[in-house]
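Residue-level structure breakdown
So you can see what is in the structure, the chains are spelled out below.
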Amino acid sequence: MDKIAIINLKGGVGKSVTACNLAAELAAKSLAVLVVDLDKQGNTSKFFGTLDYDRPSVAEVMLGENTAEEALVCETGTTAVHLLPCDMRMLKANRTILMDNGPRQYYLRDALEAVDDNYNYCLMDCPPDLDMGSINALCAADWVIIPVDCDEWACDGMREILDQIEQVQMYYNPHLKVMGALMTKYRHTRYAGEVVRQLNEAGIEMLHTVIRYTVKVSEAKSAHEPLRVYKPDCSAAADYKALADEVDGIVSKVDTPRKESAR
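As a starting point, this report considers the structure included with it. In this text the structure is predicted, and so the values were computed from the model without any measurement. (Residues numbered from 1 in each chain as written. Predicted model: local features only at pLDDT ≥ 70, side-chain atom pairs only at ≥ 80, totals over all residues. Heavy atoms only, no water.)

Focus on the environment of lysine 253
For lysine 253, the position within the fold is in helix α12 (residues 235-253). Taking the C-alpha atoms as reference, lysine 253 lies 29 Å from proline 127; in sequence the two are 126 residues apart. (Helix = DSSP H or I, 4+ residues; strand = E, 2+ residues; numbered from the N terminus.)

Laid out in structure tokens, this is it:
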């Protein structure tokens with residue numbers, strides 16, 4: 001299972017939308033996908049209609065109160081996509097883990113080992129802050145995708161993300177790789193060109209695929225449907241399909257520790 005952390009310290013840049021639509025497009029390629037929602041707002045869980053305080057969430061998994069298998073939601077409405085849901089219980093989990101003296105950076109990684117053979121991909125939707133959920137995701141991940149929208153303040157917090165990634169690579173997960181920045185809500189504006197320039201100056205590679213702006217993205221989110229179902233002929237649906245092809249192509253060319261150990 002190749003694990004991808006989708007992270008940005010800014011909210012509203014399309015992290016959850018990307019996690020949901022990339023998962024649907026990878027599943028359409030006959031790949032099994034696990035989505036891990038790590039944001040206490042639970043937008044990804046709401047998208048899949050799985051927000052339920054009466055069942056275990058990723059918070060209980062990270063605290064060791066439930067296994068990943070026990071918290072899995074298999075009925076997401078999208079074939080071959082399963083979910084570890086998240087909600088406001090993540091607040092308590094973050095506080096508890098911060099006070100823990102154990103290997104707290106690895107709780108998620110260790111919990112996911114039990115389901116590693118069941119999926120081709122794991123997409124981790126991170127919150128817009130560097131809490132223990134985000135740090136656990138980076139310590140568990142093989143790859144990082146950084147969604148970036150095309151507005152004037154698009155690169156706010158980028159230095160902090162890169163610093164955290166470097167710290168994780170140095171001390172906890174030397175195999176972690178940045179796949180690239182993903183331009184979302186893309187329109188041909190002067191801000192878009194400036195964002196690309198700033199990212200290049202920061203040494204961040206860009207994914208070739210960009211997600212073009214269309215109101216259909218918001219409509220599909222409100223309808224709780226992936227774009228490939230809600231409006232398959234819109235520009236963003238084509239872009240997310242192209243993103244799935246690009247991501248799968250990149251991953252297939254690079255050996256991860258998981259692939260090497262399977263040889």
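A short note on the environment of tyrosine 213
By secondary structure assignment, the location of tyrosine 213 is in the loop between β7 (206-212) and α10 (216-222). In this structure the C-alpha to C-alpha distance between tyrosine 213 and valine 81, which are 132 residues apart in sequence, comes to 25 Å. Apart from residues lying up to four places away in sequence, tyrosine 213 is in contact with Lys185, Tyr186, Arg187 and Ser235. (Contact = heavy atoms within 4.5 Å.)

Considering the packing of aromatic side chains
Evaluation of the coordinates by the stated rule reveals 3 aromatic pairs. Relative to tyrosine 172, the ring of tyrosine 106 has its centre 6.1 Å away and its plane inclined at 75°; by these criteria the two rings are edge-to-face. Here the residue tyrosine 106 occupies a position in the loop between α5 (89-98) and α6 (107-112), and tyrosine 172 occupies one in the loop between α8 (158-171) and β6 (177-186), the gap between them amounting to 66 residues. Note on tyrosine 106: relative accessible area 16%, which makes it buried. Taken together, Tyr106, Tyr171 and Tyr172 form an aromatic cluster joined through their ring pairs. Its guanidinium or amino end placed over the ring of tyrosine 106, arginine 109 lies 4.0 Å from that ring's centre, counting from NZ or CZ. (Phe/Tyr/Trp six-rings, centres within 6.5 Å; stacked < 30°, edge-to-face > 60°. Buried < 20%, exposed > 50% of the residue type's maximum accessible area, 1.4 Å probe, protein only. Lys NZ or Arg CZ within 6 Å of the ring centre and 35° of its normal.)

Details of a nonpolar patch on the surface
Taken together, the side chains of Leu51, Tyr53, Met88 and Leu91 make up a nonpolar region of the molecular surface, amounting to roughly 360 Å² of accessible area. Structurally, tyrosine 53 is set in the loop between α2 (43-47) and α3 (58-62). (Patch = residues over 30% accessible without salt bridge, like charges linked within 9 Å, V, L, I, M, F, W, Y side chains within 5 Å. Areas by Shrake-Rupley, 256 points an atom, 1.4 Å probe, with all protein chains shown as cover. Salt bridge = Lys/Arg side-chain N within 4 Å of Asp/Glu carboxyl O.)

What about the nonpolar core?
By size, the foremost hydrophobic cluster in this structure holds 51 residues, and its most contacted members are Leu34, Val36, Leu38, Val58, Leu84, Leu112 and Met124. Top element by residues in this core is helix α7 (residues 132-140). It accounts for 6 residues. Among residues more than four places away in sequence, those in contact with methionine 124 are Lys3, Ile4, Ala5, Ile6, Val36, Leu38, Leu108, Ala137, Ala140 and Ala141. With 36 residues, the next largest nonpolar core counts Cys20, Tyr121, Ala237 and Ala244 among its residues. (Core = buried A, V, L, I, M, F, W, Y, C linked by side-chain atoms within 4.5 Å.)

Topic: helix α9 (residues 190-201)
With 12 residues, α9 should reach 16 Å at 1.5 Å per residue; the first-to-last C-alpha distance of 17 Å fits that figure. Those residues of α9 that fall on the buried side of the exposure criterion are Ala192, Val195 and Leu199. Each buried residue of α9 sits inside an arc of 60° when the element is viewed along its axis, so together they form one side. Exposed side of α9, more than 90 degrees from the buried face: Arg190 and Glu201 are the residues found there. Here the buried face of α9 lies against β5 (143-149), α8, β6 and β7. (Expected span 1.5 Å × (residues − 1). Arc of directions from axis to C-beta.)

Side note on the packing of α7 against α8
Interaxial distance between α7 and α8 falls to 10 Å at its minimum, and their mutual angle equals 50°. The angle between α7 and α8 places the two elements in the oblique class. Judged by the sense of rotation from one axis to the other, the crossing of α7 with α8 is right-handed. For the pair formed by α7 and α8, the contact residues are Ile135, Leu138 and Cys139 on the first element and Gln164, Ile165 and Val168 on the second. A class-by-class count of the residues in the contact of α7 with α8 yields 5 nonpolar, 1 polar and no charged. (Axes fitted to C-alpha atoms, helices over the stretch in contact; angles between N-to-C directions. Parallel < 35°, antiparallel > 145°, perpendicular 65-115°, else oblique. Left-handed = near helix turned anticlockwise from the far one by under 90°. Nonpolar A, V, L, I, M, F, W, Y, C, P; charged D, E, K, R; others polar.)

A word on the sheet that holds strand β2 (residues 33-37)
In space, the 7 strands of this open sheet follow the order β3-β2-β4-β1-β5-β6-β7, with parallel pairing throughout. The sheet terminates laterally at β3 (81-84) and β7, the two strands that pair on one side only. Strand-to-strand twist of the sheet, defined as the mean angle between neighbouring strand axes without regard to direction, takes the value 25°. Of the strand pairs in this sheet, β5 and β6 are connected by 7 bridges, and their pairing is parallel. For aspartate 149, the partnering residue across the bridge sits in β6 and is threonine 184. Of the strands in this sheet, β1 (2-6), β2, β3, β4 (121-125), β5 and β6 touch helix α1 (residues 15-28), which is tilted by about 165° from β4. Against the sheet, α7 contacts β1, β4 and β5, and its axis sits at roughly 145° relative to β1. (Pairing = 2+ DSSP bridges.)

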